[in-house]
Amino acid sequence: MSEENGNLKDIKKHEDCNDEIQAEEKREKFTRLSKRLAYLLRYGACKEGLVVDDNGYVNLNDLMTVNLLHDYTREDVLEAIKTSVSYKKKQRYEWREREGAVYIRAAYLRNFEKNPFHFGTKVKTLFETATTYIIDNLDNFDLQDFPDEHILRDMMRRLKRQKKLSHKALQTLLAPTVTRLDLEGVYLTNKTLATIWTQCPDLVAVSLKDCGYIMTDTVLNKFTQNLPQLERLNLCSCTHLSSKCLAILSKNSTKLKVLHIGNISSLTYTAVLNFMTSSKALTFLDVYCLKTTLEEYRTLTKLAKKQELELILKEPRHKTAEVKEEEIEATLSSELWDSDHEEQTL
């Protein structure tokens, strides 16, 4: 009888673990869907060939034809649209019915990339023709007094996509009117960084994600000293940084509101705690991969709640959960553990 009870307990453990695995996979799938919807409904709808009306709405039936959503059902998308809220508990998306069809849009941050062609044709617009010509002949232009930041950033985005955003191109395109700069994955040198803070002293947002080969504590110190207006900074995967970088940011970037600094293994709990305590303007902090104990995790999340700070931090696993996984992994088939981790998220 005791042996039978033991077997029943083992089966219950297996079932509980299966439920946890399925719940985790569902959360990961929902997260990927949320990111793709954010891209499509805030930036990429026109680029993906969708029709966007004057108020930013897209027909749901048209949206479902985009390849990015081929793994999701109409019901999945509607559920994400209706349940997704920001950390301030505001609805991220809006929907309405019109003439028997459902239309959806992002509630905020809509900034669609332009369709390069006249609607319904393959004839390039005048804007597209002129922009392409300038990009192909940058050496012939002086854009330091160019007043339109959006167009300059659009040119840099195109060159980056073509892997042609060189130091020379940045020298031409970095005008004082530029306040936001996305350099994720771009090859940078110390000379390029100096050009950035010299020509764009009023930058408020910079992404240096995946620029770990250049970004050290020393370089970050000089970079932030010369850009005192920074409010948003992405340093994810800048793996040459140490925990000292947070003290540097606390000292130099007193206006910093948003910091992404995930995937840096050298960060410590103490450094993050001190940074959260001293950075009075901070509203968002991404330190997802920071290793903490359960007590440290609770301390950080409690402080974040007190400061009304959105904190992205991975919860540490309980020891009992780790033991349970080890027990079950020995008996379950590998199929139960093969979740879809190859699919890239936006």
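Computed from a prediction, not measured in an experiment: that's the story for all the values here.

1. Comments concerning the sheet that holds strand β5 (residues 205-207)
At step 1: Here 6 strands make up an open sheet; going across it, the order is β4-β5-β6-β7-β8-β9 and the pairing parallel. Of all strands in the sheet, those with a lone pairing partner are β4 (180-182) and β9 (310-312), marking the two edges. The average undirected angle you get between the axes of adjacent strands in this sheet is 5°.

2. Some details on the pattern of salt bridges
At step 1: In this structure the tally under the stated criterion is 9 salt bridges.
At step 2: Of the charged contacts, one joins Arg153 and Glu149 as a salt bridge, the two residues approaching to 3.9 Å between their closest N and O atoms. Residue Arg153 and its partner Glu149 are located together in helix α5 (residues 149-161), separated by 4 residues, close to a single helical turn.
At step 3: Look at Arg153 and you get partly exposed, because its relative accessible area is 27%.
At step 4: Take Glu149: its relative accessible area is 17%, and that puts it in the buried class.
At step 5: Ionic pairing is found between Lys160 and Asp182, a salt bridge with its closest N-O pair at 3.1 Å.

3. Notes on the layout of surface pockets
It is a probe the size of a water molecule, rolled over the atoms, that shows where empty space is left.
At step 1: Estimates place the volume of the second largest pocket at around 420 Å³.
At step 2: Looking at the second largest pocket, it is lined by 20 residues, and the ones nearest its centre are Lys114, Pro116, Glu128, Arg158 and Arg161.
At step 3: Among the residues making up the lining of the second largest pocket, the classes are represented as 6 nonpolar, 4 polar and 10 charged.

4. Quick look at the sheet that holds strand β2 (residues 93-98)
At step 1: Read from one edge of the open sheet, 3 strands run β1-β3-β2, paired in antiparallel fashion. Strand pairing shows two members of the sheet lacking a second neighbour, β1 (58-59) and β2, which therefore form its edges.
At step 2: One ladder, built from 2 bridges, connects β1 with strand β3 (residues 101-106); its direction is antiparallel. Within the sheet, the bridge partner assigned to Val58 lies in β3 and is Ile104.
At step 3: Against the sheet, helix α3 (residues 74-83) contacts β2 and β3, and its axis sits at roughly 120° relative to β2.

The rules behind these values
Residues numbered from 1 in each chain as written. Predicted model: local features only at pLDDT ≥ 70, side-chain atom pairs only at ≥ 80, totals over all residues. Heavy atoms only, no water. Pairing = 2+ DSSP bridges. Helix = DSSP H or I, 4+ residues; strand = E, 2+ residues; numbered from the N terminus. Axes fitted to C-alpha atoms, helices over the stretch in contact; angles between N-to-C directions. Salt bridge = Lys/Arg side-chain N within 4 Å of Asp/Glu carboxyl O. Buried < 20%, exposed > 50% of the residue type's maximum accessible area, 1.4 Å probe, protein only. 1 Å grid on protein atoms, 1.4 Å probe; cavity = no way out; pocket = protein on both sides within 12 Å on 5 of 7 lines; lining within 4 Å. Points joined across faces, edges and corners; volume = space filled by probe spheres on them. Nonpolar A, V, L, I, M, F, W, Y, C, P; charged D, E, K, R; others polar. Contact = heavy atoms within 4.5 Å.

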